[in-house]
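# Descriptive analysis of the structure
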Amino acid sequence: VGKIPWWKEAVFYQVYPASFKDTNNDGWGDIPGLIAKIDYLHDLGVDCVWLSPMFESPQKDMGYDISDYQAVYSRYGTLSDVDNLIAACHARGMKLILDLVVNHTSDQHPWFQESRSSKTNPKRDWYMWKPARYDADGNRMPPTNWRSYFAGPTWTWDELTQEYYLHLYDTSQPDLNWENEECRKAIYNEAMRFWLDRGVDGFRIDTVNKYSKRTDFPDAPVTMPGETDQPAAEMWCNGPRIHEFIREMNEQVLAPYNAVSVGELSNTPLPSQVLPYVSAAAKELDMVFEFSTIRLGTGGPFHGKYLYREFPLSELKAYVATWQQWLEGTDGWHTVFCENHDNGRAVSRFGDDSTVELWEASAKTIALWQATLTGTIFLYQGQEIGMVNMPKEWPIEQEYKDVESLNFYGEAKASGDAERIRKTEKGLKILARDHSRIPMQWDASPNAGFTSAGVMPWMRVHDGFKDLNVEKQEGDDESVLRFYKKILKMRKEYSGLFVHGAFRPVLQEDETLFVYVKDDQGSEESGVQVNKRRKALVAMNFSGQPASLQEHDLDVAATLGCKHGEELLLVTTLKKNDFSRMEAGVLKPWESRVYLNF
Ligand code: ISL
Ligand code: CA
């Protein structure tokens, strides 16, 4: 029986440094603030912190635009703060991973400054430069019709050398040219080995599927008639040399350091496309983030990204079932997450934040849902207290800061189409990346304890922080936070079921109940010693109405394959004072339970 790698059963927790905890009263979170909260994370049950970019950066895209891989953004701290953070994690048996952003740099990075300085500069080829095209009237046009992620073309004209450079994201984020070997070597040394040598345990790897582009640069087919720039993800996602590049990175850097890796795989919706990245035999990545579930309700990755679309529960369940089952019988591994810094809050999207009761019940149900799924679990800061989206009344122009939100909004306004503007506003108020970026709510003091009274935080603190904060929930043994602690412990105690188990959907078409069976038969494959064949039935009410199991023909004991009376209630989201009124076969609004066979 092989040894299970530590990262499979570990609980990962993403920290967005700007919004976690400010210690020097400049309104920005910082690394000393994270160090001050390490015991909080340890107590929650976190094993590994993923720290979003804290590198030197002009902050056009909140640090995903790096101008120096080996320096820390001064508002976040210093190199020695990072050393202290590594030590603080390791002293508690925890690990730390950093964000590796090497698809692009900032345009302020010295590599790009050199590259743009002349066509003969030795680093010219480290980025992707192309001459202009001209239309029939002699007007200059970009080399292709590709639309960038943040709206507008993927090409920006550079006056000095009279060529365009490629950028999949903002114009200030030029794409590195992975075709150039010297460039790859510099990435490995400066962005990776430098940090691994200081003791970090691995990386969350940004946009890992986009290093290899179609180098014949064809135009994308017109799928948005009337628009100059067309969606073109197939020109740069999962490109011709992508697996070669990642294998090389693994062989030369990740494997020698025994570093853990989790790659971000957007625009890769098919299991058959994902497996080559995470198959153990392929020696590329340990884990990946696949986005079908977290993108639910968005109109599409490009133009329609912020047009909200209502979706039935069955659609959510279908994605979960597909991705829970896709690696059965393979040597792949995957991740469980429903929040990150690029999406609205889960309780406002998949749960119900319309009343205090429904908020609390649905936040716990989301916790139970995540903690019972197979794969490595990732939490995002604030998820553990059920943080919600920004209030709908907050005006976009004043309170939203994200380049992507503001570009989409600007684009809608420029269209002059009132309907499109209205829909974009509505969509942003549910889906914008800004929702997850407001300050962490620590306590009921001014500024939610994120920063001191009188300081202006970089983003506004949620108006509801007095009722929704860590301190309040620490003191309430039925709070969302205490429930997370409990359920993360349960997940580890029954790791054969919840981390490794086989997933079987039940009642897949139902629009109220979300039900599945976890069976630890799957865990034998993953090398876990199984003493007793266990099964768990996870029954969750994803609605504001009571739901009767009987009416759904759901027989708990029979589904678990045990005798009646031999099913054990392992955990419920119900409050203790509701127990007396608990009806065996009826789930209250957003109530959820896990039963075990005996
Ligand atoms: O639609 C998208 C952009 O919102 C995604 O498909 C995107 O490609 C993906 O989420 C990449 O995100 C990562 O890289 C970006 C950065 O802005 C995000 O914050 C980061 O998570 C560029 O570095
Ligand atoms: Ca600060």
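Residues numbered from 1 in each chain as written. Chains lettered and ligands numbered in written order. Predicted model: local features only at pLDDT ≥ 70, side-chain atom pairs only at ≥ 80, totals over all residues. Heavy atoms only, no water.

Turning our attention to the coordination of the calcium ion (ligand 2). The protein atoms that coordinate the calcium ion (ligand 2) are Asp22 (OD), Asn24 (OD1), Asp26 (OD), Trp28 (O) and Asp30 (OD), at distances spanning 2.3 Å. By relative accessible area, which is 46% here, Asn24 ends up partly exposed. A relative accessible area of 5% places Asp30 in the buried class. (Donors = N, O, S within 2.8 Å, 3.2 Å for Na, K, Ca; no water. Buried < 20%, exposed > 50% of the residue type's maximum accessible area, 1.4 Å probe, protein only.)

Before going further, it helps to spend a moment on the site of ligand 1. Close to ligand 1 lie 20 residues, the nearest being Asp61, Tyr169, Lys305, Asp342 and Glu404. Measuring from an oxygen atom of ligand 1, one finds a side-chain N or O atom of His104 at 2.9 Å. Residue Asp342 places a side-chain N or O atom 2.5 Å away from an oxygen atom belonging to ligand 1. Residue composition of the shell around ligand 1, grouped by class: 4 nonpolar, 5 polar and 11 charged. (Near = heavy atom within 4 Å. Polar contact = N/O pair within 3.5 Å; in protein donor to acceptor, adjacent residues only side chain to side chain. Nonpolar A, V, L, I, M, F, W, Y, C, P; charged D, E, K, R; others polar.)

Attention now moves to the side chain of Gln383. If you trace the backbone, Gln383 turns up in the loop between strand 15 (376-380) and helix 12 (396-399). For Gln383, a relative accessible area of 3% corresponds to the buried category. Excluding its chain neighbours within four sequence positions, the residues that come into contact with Gln383 are Cys338, Glu339, Arg345, Gln370, Phe378 and Tyr484. (Helix = DSSP H or I, 4+ residues; strand = E, 2+ residues; numbered from the N terminus. Contact = heavy atoms within 4.5 Å.)

Tyr13, Leu41, Trp195, Met249, Leu316 and Trp369 are the most contacted members of the largest nonpolar core, which has 142 residues in total. Among the domains, domain 1 (6-105 + 180-212 + 257-388 + 430-474) and domain 2 (500-596) are the pair contributing at least three residues each to this core. Setting aside anything within four residues of it in sequence, one finds Leu316 in contact with Thr293, Leu296, Phe311, Phe350, Trp369, Phe514 and Phe542. One finds Trp146, Tyr169, Met235 and Cys237 within the second-largest nonpolar core, a separate group that totals 19 residues. (Core = buried A, V, L, I, M, F, W, Y, C linked by side-chain atoms within 4.5 Å. Domains from an automatic or database assignment.)

Attention shifts here to the domain arrangement of the chain. Domain boundaries in the chain define domain 1 (6-105 + 180-212 + 257-388 + 430-474) and domain 2 (500-596). For domain 1 and domain 2, the distance between their C-alpha centres works out to 29 Å. Each partner contributes to the interface: domain 1 provides 29 residues, whereas domain 2 provides 30 residues. When domain 1 packs against domain 2, the two sides together hide about 2,400 Å² of surface, and 61% of this comes from carbon and sulfur. Here domain 1 is connected to domain 2 by 2 salt bridges. A salt bridge links Glu360 to Lys575, with the shortest nitrogen-to-oxygen separation between them at 3.1 Å. At the surface where domain 1 touches domain 2, the tally comes to 17 residue pairs in polar contact (both at pLDDT 80 or more). (Buried area = accessible area lost by both parts, 1.4 Å probe. Salt bridge = Lys/Arg side-chain N within 4 Å of Asp/Glu carboxyl O.)

Moving on, we come to the pattern of salt bridges. Two side chains of opposite charge can pair, provided their charged atoms sit close to one another. Under the definition given, this model contains 40 salt bridges. With a shortest N-O distance of 3.6 Å, Glu360 and Lys364 are connected by a salt bridge. Separated by 4 residues within a single helix, Glu360 and Lys364 lie in helix 11 (residues 356-371), roughly one turn from each other. With respect to burial, Glu360 and Lys364 carry one shared label: buried. As a salt-bridge pair, Glu474 and Lys485 come within 3.0 Å of each other at their nearest N and O atoms. One end of the pair, Glu474, is in helix 15 (residues 470-474); the other, Lys485, is in helix 16 (residues 480-493), and 11 residues separate them in sequence. Judged by relative accessible area, Lys485 falls into the buried class, the value being 11%.

Within the open sheet, the 3 strands sit side by side as 6-10-9. Their pairing is antiparallel. Only two strands of the sheet have a single neighbouring strand rather than two, namely strand 6 (129-130) and strand 9 (155-158). In the sheet, strand 9 pairs with strand 10 (residues 163-166) via 4 bridges, with the strands oriented antiparallel. Following the sheet pairing, Thr156 is matched in strand 10 by Tyr165. (Pairing = 2+ DSSP bridges.)

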